[in-house]
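Each chain, letter by letter, is given below.
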Amino acid sequence: MDIAVSNLAYQGLFTNRLMKLPMDIGVEVYSETGSDFYWDHLLPKLMAGRTGPFTVHGPYQNIDLSSPDIDYPSVRGIYEWTFRLCQKYHATHCVCHPYAYRPRGEMSAEEIRQREYICLERVIDLNNLAKQYGVEMLVENMFHKDGLLDQAGFERLFLPVEELNFLMDVGHAHIQDWDMDTMFANLGSRIKGYHINDNFGDADSHLMAFEGSYNWEKFFTNYKKYTPEATLVCEYISGTIDEIAASVERIRHYVNQLGE
């Protein structure tokens, strides 16, 4: 079981604290929180001797891939920089947010169709660009209940494109009330990673696993059945290094004892 910890709780000056994680736990970093100079000095030390995977969260701040108004050539450029970073440090995958939040109620049916088309076109383009660098780009599900795509919309838009694979954020799925049986049955082995975090179905709280109201028994049972090779990334908003490492061990023990 490959498990990593996101630097969500330790960004910028604090990412180096993740060096205190046990060496069998990997690391996921938000690429846009550092420059080439920053990552070239930190990542060799952070990952030296580490047997857990290295993964990258792609850029998303001020980026809406569904918007006709963004400067897409510039967005594409920052993604290409990110893919070069992934290639250089042998990232297992790079996460892509397919769109940003805009309430569906503020958009006409025509604008929704337009944004879905633009979103899909750009996600395919970025995925093709990632492949040029030997990088696995994974499309993530978003959490807004009234955003561009719900579960059915996500599957309708992206599933027909066979070259696309996915990272499922468990907390996001909980907020949008995704049906787990349908998710695993339809997306199956194309789910290559998960963001593991919890909430109470009301906000993107990024609590540690088992601290909210998500049905972890059902999730991990399906995980073992359908996607046992997918990388688990604990994406928590807070916690000491010891607390996060303890959460990782709790997950490992929980998954290993299922079905015994």
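See the structure shown above.
Keep in mind it's a predicted model, so treat the numbers as computed, not measured.

I'd like a rundown of the overall build of the protein, residues and numbers included.
Of regular secondary structure, the protein possesses 8 helices and 8 strands. Dimensions of the protein, computed from C-alpha atoms along their principal axes, come out at roughly 50 × 45 × 30 Å. Burial statistics for the protein: of 260 residues in total, 56% are counted as buried. Split by element, the accessible area of the protein, about 11400 Å² in all, is 50% carbon and sulfur. Across the protein, the 22 positively charged side chains and the 38 negatively charged ones have centroids separated by 3 Å.

Now, about helix 1 (residues 36-47): what can you tell me, with residues and values included?
For an α-helix the count is 3.6 residues per turn, leaving residues at separations of three or four pointing the same way. In a regular helix each residue adds 1.5 Å, so 12 residues correspond to 16 Å; helix 1 covers 16 Å between its end C-alpha atoms and thus fits that length. Among the residues making up helix 1, those that are buried are Trp 39, Leu 42, Leu 43, Leu 46 and Met 47. Taken down its axis, helix 1 places every buried residue within 105° of arc, on the same side. In helix 1, the exposed residues that point more than 90 degrees away from the buried face are Phe 37 and Lys 45. Residues of helix 1 that are buried in the fold lie against strand 2 (26-30), strand 3 (54-57) and helix 2 (72-88). One or two positions beyond helix 1, positive phi appears at Gly 49, with a value near 75°.

Got a sec to walk through the packing of helix 2 against helix 3 (residues 109-132)? Specific residues and values, please.
Contact geometry for helix 2 and helix 3: axes closest at 10 Å, N-to-C directions at 35°. Classified by chirality, the crossing of helix 3 by helix 2 is right-handed. In this structure, helix 2 contributes Tyr 72, Arg 76, Tyr 79, Glu 80 and Phe 83 to the contact, and helix 3 contributes Arg 122, Asp 125, Leu 126, Leu 129 and Ala 130. Its residues assigned to classes, the contact of helix 2 with helix 3 comprises 6 nonpolar, no polar and 4 charged.

Break down the layout of surface pockets for me, citing the residues and quoting the values.
In this model, the largest pocket occupies a volume close to 180 Å³. Along the walls of the largest pocket sit 16 residues, with Tyr 60, His 97, Phe 143, His 172 and Asp 204 positioned nearest its centre. Per-class residue counts for the lining of the largest pocket are 8 nonpolar, 5 polar and 3 charged.

So what about the pattern of salt bridges? Which residues, and what values?
Applying the stated criterion across every chain, the model contains 10 salt bridges. With a closest N to O distance of 2.3 Å, Glu 111 and Arg 102 form a salt bridge. A relative accessible area of 18% places Glu 111 in the buried class. For Arg 102, a relative accessible area of 28% translates into the label partly exposed. As a salt-bridge pair, Arg 115 and Glu 111 come within 3.1 Å of each other at their nearest N and O atoms. Residue Arg 115 and its partner Glu 111 are located together in helix 3, separated by 4 residues, close to a single helical turn.

Quick one: what's the story with the pairing of strand 5 (residues 137-140), residue by residue and with numbers?
Burial along strand 5 is two-sided: the residues Met 137 and Val 139 and Leu 138 and Glu 140 are all buried. Of the strand pairs in this sheet, strand 4 (residues 94-96) and strand 5 are connected by 3 bridges, and their pairing is parallel. Residue pairing across strands places Cys 94 opposite Met 137, the latter belonging to strand 5. Assessed by its sense of winding, the connection that carries the chain from strand 4 through helix 3 to strand 5 is right-handed. In the sheet, strand 5 pairs with strand 6 (residues 165-169) via 3 bridges, with the strands oriented parallel. Note that in strand 6 the partner of Glu 140 across the bridge is Leu 167. Read as a crossover between parallel neighbours, the route from strand 5 over helix 4 (residues 151-158) to strand 6 is right-handed.

Cut-offs and rules
- Residues numbered from 1 in each chain as written.
- Predicted model: local features only at pLDDT ≥ 70, side-chain atom pairs only at ≥ 80, totals over all residues.
- Heavy atoms only, no water.
- Helix = DSSP H or I, 4+ residues; strand = E, 2+ residues; numbered from the N terminus.
- Buried < 20%, exposed > 50% of the residue type's maximum accessible area, 1.4 Å probe, protein only.
- Areas by Shrake-Rupley, 256 points an atom, 1.4 Å probe, with all protein chains shown as cover.
- Lys, Arg positive; Asp, Glu negative; His and termini not counted.
- Charge placed at Lys NZ, Arg CZ, Asp CG, Glu CD.
- Expected span 1.5 Å × (residues − 1).
- Arc of directions from axis to C-beta.
- Contact = heavy atoms within 4.5 Å.
- Axes fitted to C-alpha atoms, helices over the stretch in contact; angles between N-to-C directions.
- Left-handed = near helix turned anticlockwise from the far one by under 90°.
- Nonpolar A, V, L, I, M, F, W, Y, C, P; charged D, E, K, R; others polar.
- 1 Å grid on protein atoms, 1.4 Å probe; cavity = no way out; pocket = protein on both sides within 12 Å on 5 of 7 lines; lining within 4 Å.
- Points joined across faces, edges and corners; volume = space filled by probe spheres on them.
- Salt bridge = Lys/Arg side-chain N within 4 Å of Asp/Glu carboxyl O.
- Pairing = 2+ DSSP bridges.
- Right-handed = clockwise from strand over helix to strand, strands pointing away.

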